[in-house]
Amino acid sequence: MLTVEDLRVYFHVKRGLMGRRSYDVRAVDGVSFGLAHGQTLGLVGESGSGKSTIGRALLRLVGIHSGTIQLNGTDVRELRGRMLDFRRDLQAIFQDPYSLLNPSMIVADIVGEPLTIHYGLKGRQRDERVAQLLDQVGLATYHMERYPSEFSGGQRQRIAVARAIALEPQIIICDEAISALDVSTQSQVINLLKELQERLGLAYLFIAHDLAVVRHISDQIAVLYLGRIMEMGPAELICSAPRHPYTQLLISAIPVADPIEQKKRKAARSQLPPSELPSATNPPDGCPFHTRCPQAVSRCRNEVPLPRQVRPGEIVACHLID
Ligand code: SF4
C-alpha cells in the first residue's frame, strides 16, 4: 500500500557572515520500506535519528530531496488535483494533541471539521457521525460540547484519534503519539489503536523513541540512526534476537523482570563508550554508529555498511554481518 524507496530529506543550512557558508543536513539519507494494509511498522530511534522527518515527508510537510513515496502505486509528488484524496487516506496523530486540537473549539467541531471539509456534512448529520466516532474511541456523546482543556492527556489523544479516523483513512502516522502519557494511559491508547486496526483495517506508521513501546504494537520494526535504517524486520525477531549492535543496545536499555537478564543487559550497556548521538550537521564518516559502537573495527570508520538481508524479511546494515 505504501512504498518508500531511497527517501532523502536534506535541510539546507546557511551559516557565517551573510549566510556565506552553507551545507546540507541529511536528516533522512536513503531510507526504504513498505507498509501493507492492516499492518504496523514501528520507526524507532533517538531524537535526531530522522524518524519524525520521515513522517513529515510522507505528510508532505517537508520537501523531499530525492527518492519516491508511493501510495497504492501513485507517486505522491504527482498527485496534483488529488491532494484532498491523499489527505483523506493519510492521517496523523502527534505527541501533543493540543497542536491539532484548537483550544477554542468544542469537540463536536474538532472531530466534525474534516467531515465538513471533505464530505460537506453539517448539522445533525455531522453530529451523529461525530457521536459514532467518539463512541469508537471510548468517549461519550456528552463530551461533544466540551473544550479540549476539560480532558485528561489520554482523553485528548482519544479525541485526536477520533478526528484521525473520521475520514476512514488507510494509514495513520502516529508520531510519538503516546510518549507524553503515563504508562497505564499509554497501554490504554495502544489497545485502542490495535482494536481500531482490527475493526477498520488501518495501517500505522508508529514513530517513537522507546523500543519497549514500539514492540507492543508493531508487526515490523525499523531502527534508525542518523537518518539511516540500521536494522529492519519482524518485530518479534528484532526484539528477541537483534543483529545490529545499535539495536542490541536499545534492547539492553529495556527493563526486564528477570534479575539475571537485567544484569546481562546492564553489562551490555556498560560496554558503550560514553558519547552522545553525533550531530546530523557533522555526521561521522563510514558507519554512522562507529563513534559509539562497542564492536567497531577499522573498516567501520571509513566504509558505509550497506543494508543486507540476514534472515527472511530482515535487513541489517553492519560490516560484522559480512
Ligand atoms: Fe559497529 Fe562497524 Fe557494525 Fe557500524 S558497521 S554497527 S561500527 S560493527
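Our subject is the structure listed above.
In this text the structure is predicted, and so the values were computed from the model without any measurement.

J.: Can you help me understand the site of the ligand in this one?
T.: For the ligand, the set of nearby residues contains 13 residues, the closest of which are Cys 287, Cys 293, Cys 300, Cys 318 and His 319. Class assignment of the residues belonging to the shell around the ligand gives a composition of nine nonpolar, four polar and no charged.

J.: Honestly, the sheet that holds strand 2 (residues 21-35) in this entry has me stumped. Any pointers?
T.: Two strands in a sheet stick together by hydrogen bonds in their backbones, pointing the same way (parallel) or opposite ways (antiparallel). Taken in spatial order, the four strands line up as 2-1-4-5 in an open sheet, and their pairing is antiparallel. Pairing within the sheet leaves two strands with one partner each, and these edge strands are strand 2 and strand 5 (74-75). Two elements, strand 1 (residues 2-15) and strand 4 (residues 66-71), share five bridges in a ladder whose sense is antiparallel. Bridged to Leu 2 within strand 4 is Leu 71. Against the sheet, helix 1 (residues 51-58) touches strand 1, strand 2 and strand 4, its axis set at about 110 degrees to strand 1.

J.: How do you make sense of helix 1 when you look at a structure like this?
T.: Three- or four-residue spacings in an α-helix give side chains the same orientation, since the helix completes a turn every 3.6 residues. Counting buried positions along helix 1 yields six of eight residues, so the element is predominantly enclosed. Regarding helix 1, the residues found buried are Lys 51, Thr 53, Ile 54, Gly 55, Ala 57 and Leu 58. Immediately beyond the C-terminal end of helix 1, within one or two residues, lies Arg 60, with a positive phi of roughly 65 degrees.

J.: Where do I start with the pairing of strand 10 (residues 228-234) in this structure?
T.: Most of strand 10 is tucked away, with five of its seven residues classed as buried. As paired strands, strand 9 (residues 220-225) and strand 10 are joined by six bridges and run antiparallel to one another. Within strand 10, the residue paired with Val 223 across the bridge is Glu 231. The antiparallel hairpin formed by strand 9 and strand 10 contains two residues in its connecting segment, where Leu 226 sits at a positive phi of about 45 degrees. The pairing of strand 10 with strand 12 (residues 314-316) spans two bridges and is classified as antiparallel. Note on strand 12: the bridge partner recorded for Glu 231 is Val 316.

J.: It is not clear to me how helix 6 (residues 183-200) should be interpreted in this structure. Could you clarify?
T.: With 18 residues, helix 6 ought to run about 26 Å at 1.5 Å a step, and its terminal C-alpha atoms sit 25 Å apart, in line with that. Here helix 6 starts with a cap whose side-chain oxygen sits 3.2 Å from the backbone nitrogen of Ser 184, and that cap is Asp 182. Directly after helix 6, the chain includes Gly 201, whose backbone phi takes a positive value near 70 degrees.

How each quantity is defined
- Residues numbered from 1 in each chain as written.
- Predicted model: local features only at pLDDT ≥ 70, side-chain atom pairs only at ≥ 80, totals over all residues.
- Heavy atoms only, no water.
- Near = heavy atom within 4 Å.
- Nonpolar A, V, L, I, M, F, W, Y, C, P; charged D, E, K, R; others polar.
- Pairing = 2+ DSSP bridges.
- Helix = DSSP H or I, 4+ residues; strand = E, 2+ residues; numbered from the N terminus.
- Contact = heavy atoms within 4.5 Å.
- Axes fitted to C-alpha atoms, helices over the stretch in contact; angles between N-to-C directions.
- Buried < 20%, exposed > 50% of the residue type's maximum accessible area, 1.4 Å probe, protein only.
- Expected span 1.5 Å × (residues − 1).
- Polar contact = N/O pair within 3.5 Å; in protein donor to acceptor, adjacent residues only side chain to side chain.

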